[in-house]
Amino acid sequence: MRVPTVLASLALLLPLAVSAAGVELQYVQPDRYTDAGLRPMEREPSAALKRELETELQRLGQRYLLPDQTLTLEILDLDLAGQFRWWDASRGEVRVMSAATWPRIRLRYRLMADGRELAKGEESISDRDYLNAVSARSSDPLRYEKNMLGDWFRSRFGGGRQPA
């Protein structure tokens, strides 16, 4: 008797899961990205970096997209904040931040709702003032990129759901 009750409950939740706002993320030719490594000598985004970006973009989607909207993002180029310097005393293990090494992401996006295209475009986003925008004390290695993506997301899609 208990199994049918559980199945009936899951059947009620299924439409909610399907209609939830979401972000689909794709990486286009990641081997050609400018600087996508969390560690020295990494050319392509690591699984950890992809997981962090996907988690952040899903969070932003849940916050700003309407429940019937789906945003497809294609990352065309990624240039993380800072750079590894192989010649310094840290043996290149430290990503050095400077005013000349701001984060940049080139992407293509498409916003859909109920099978209709609401918006699409290709943009290069960057944050030249990244050193003043985010606390340097944060231990998140993608803090600058997440802040930049949050600003971009709010400016493009913030008219949907309002932040709590």
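The shown structure was predicted, so the numbers you read here are calculated from the model rather than taken from an experiment.

Each helix and strand counted, the protein chain has four helices and six strands in total. Helices and strands appear in the protein chain in the N-to-C order α-β-α-β-β-β-β-β-α-α. Sorting the 164 residues of the protein chain into buried and exposed places 38% on the buried side. Total accessible area on the protein chain stands at roughly 10200 Å², and carbon and sulfur atoms take up 53% of it.

Turning our eyes to something else, we now look at the environment of Met148. Note on placement: Met148 falls in helix 4 (residues 143-157). Separated by 15 residues in the primary sequence, Met148 and Ala133 place their C-alpha atoms 9.1 Å from one another.

Further remarks concern the sheet that holds strand 5 (residues 104-113). Sheet strands line up and pair through hydrogen bonds in the backbone, either parallel or antiparallel. The four strands are arranged 1-2-5-6 in an open sheet whose pairing can be described as mixed. Each edge of the open sheet is held by one strand with a lone partner, namely strand 1 (22-27) and strand 6 (116-126). Direction aside, neighbouring strands of the sheet carry axes that sit 20° apart on average. Note that strand 1 and strand 2 (residues 69-79) share six bridges and pair parallel. Residue pairing across strands places Gly22 opposite Thr70, the latter belonging to strand 2.

Counting 27 residues, the largest nonpolar core has Leu71, Leu73, Leu78 and Phe153 as its most contacted members. Contributing elements (two or more residues each) for this core: strand 1, helix 2 (47-64), strand 2, strand 5 and helix 4. Ignoring sequence-local partners within four residues, the contact set of Phe153 consists of Val23, Leu57, Leu60, Gly61, Tyr64, Leu65, Leu71 and Gly158.

Attention now moves to the packing of helix 2 against helix 4. Where helix 2 contacts helix 4, the two axes come as close as 11 Å, and the packing angle between them is 30°. When the axis of helix 2 is compared with that of helix 4, the two are roughly parallel. The handedness of the crossing between helix 2 and helix 4 comes out as right-handed. Contacts between helix 2 and helix 4 pair Glu52, Leu53, Glu56, Leu57, Leu60, Gly61 and Tyr64 from the former with Lys146, Leu149, Gly150, Phe153, Arg154 and Phe157 from the latter. When the residues that make up the contact of helix 2 with helix 4 are grouped by side-chain class, the tally is seven nonpolar, two polar and four charged.

Our next topic: the side chain of Glu145. Tracing the sequence through the fold places Glu145 in helix 4. A relative accessible area of 3% means that Glu145 is categorised as buried. Among the polar contacts made by the side chain of Glu145, one reaches the main-chain amide nitrogen of Ala81 at a distance of 2.6 Å. Setting aside residues no more than four positions away along its own chain, Glu145 makes contact with Leu80, Ala81 and Pro103.

This part takes up the confidence of the model for the protein chain. Per-residue pLDDT for the protein chain averages 81, and the proportion of residues at 70 or more is 77%. Overall, residues 3-19 carries pLDDT values under 50, and its contacts beyond four positions in sequence, including any with other chains, amount to two contacts.

Applying the stated criterion to the full structure yields seven aromatic pairs. Plain terms: the ring middles of Tyr64 and Phe153 are 6.3 Å apart, the flat faces sit at 40° to each other, and that makes the pair tilted. One end of the pair, Tyr64, is in helix 2; the other, Phe153, is in helix 4, and 89 residues separate them in sequence. Taking the relative accessible area as the measure of exposure, Tyr64 reaches 3% and is therefore buried. Between the aromatic rings of Trp152 and Phe153, the centroid separation amounts to 6.3 Å while the plane-to-plane angle is 80°, which identifies the pairing as edge-to-face. Under the relative-accessibility criterion, Trp152 is labelled buried at 5%.

Rules used in this analysis
- Residues numbered from 1 in each chain as written.
- Predicted model: local features only at pLDDT ≥ 70, side-chain atom pairs only at ≥ 80, totals over all residues.
- Heavy atoms only, no water.
- Helix = DSSP H or I, 4+ residues; strand = E, 2+ residues; numbered from the N terminus.
- Buried < 20%, exposed > 50% of the residue type's maximum accessible area, 1.4 Å probe, protein only.
- Areas by Shrake-Rupley, 256 points an atom, 1.4 Å probe, with all protein chains shown as cover.
- Pairing = 2+ DSSP bridges.
- Axes fitted to C-alpha atoms, helices over the stretch in contact; angles between N-to-C directions.
- Core = buried A, V, L, I, M, F, W, Y, C linked by side-chain atoms within 4.5 Å.
- Contact = heavy atoms within 4.5 Å.
- Parallel < 35°, antiparallel > 145°, perpendicular 65-115°, else oblique.
- Left-handed = near helix turned anticlockwise from the far one by under 90°.
- Nonpolar A, V, L, I, M, F, W, Y, C, P; charged D, E, K, R; others polar.
- Polar contact = N/O pair within 3.5 Å; in protein donor to acceptor, adjacent residues only side chain to side chain.
- pLDDT = per-residue confidence, 0-100.
- Phe/Tyr/Trp six-rings, centres within 6.5 Å; stacked < 30°, edge-to-face > 60°.

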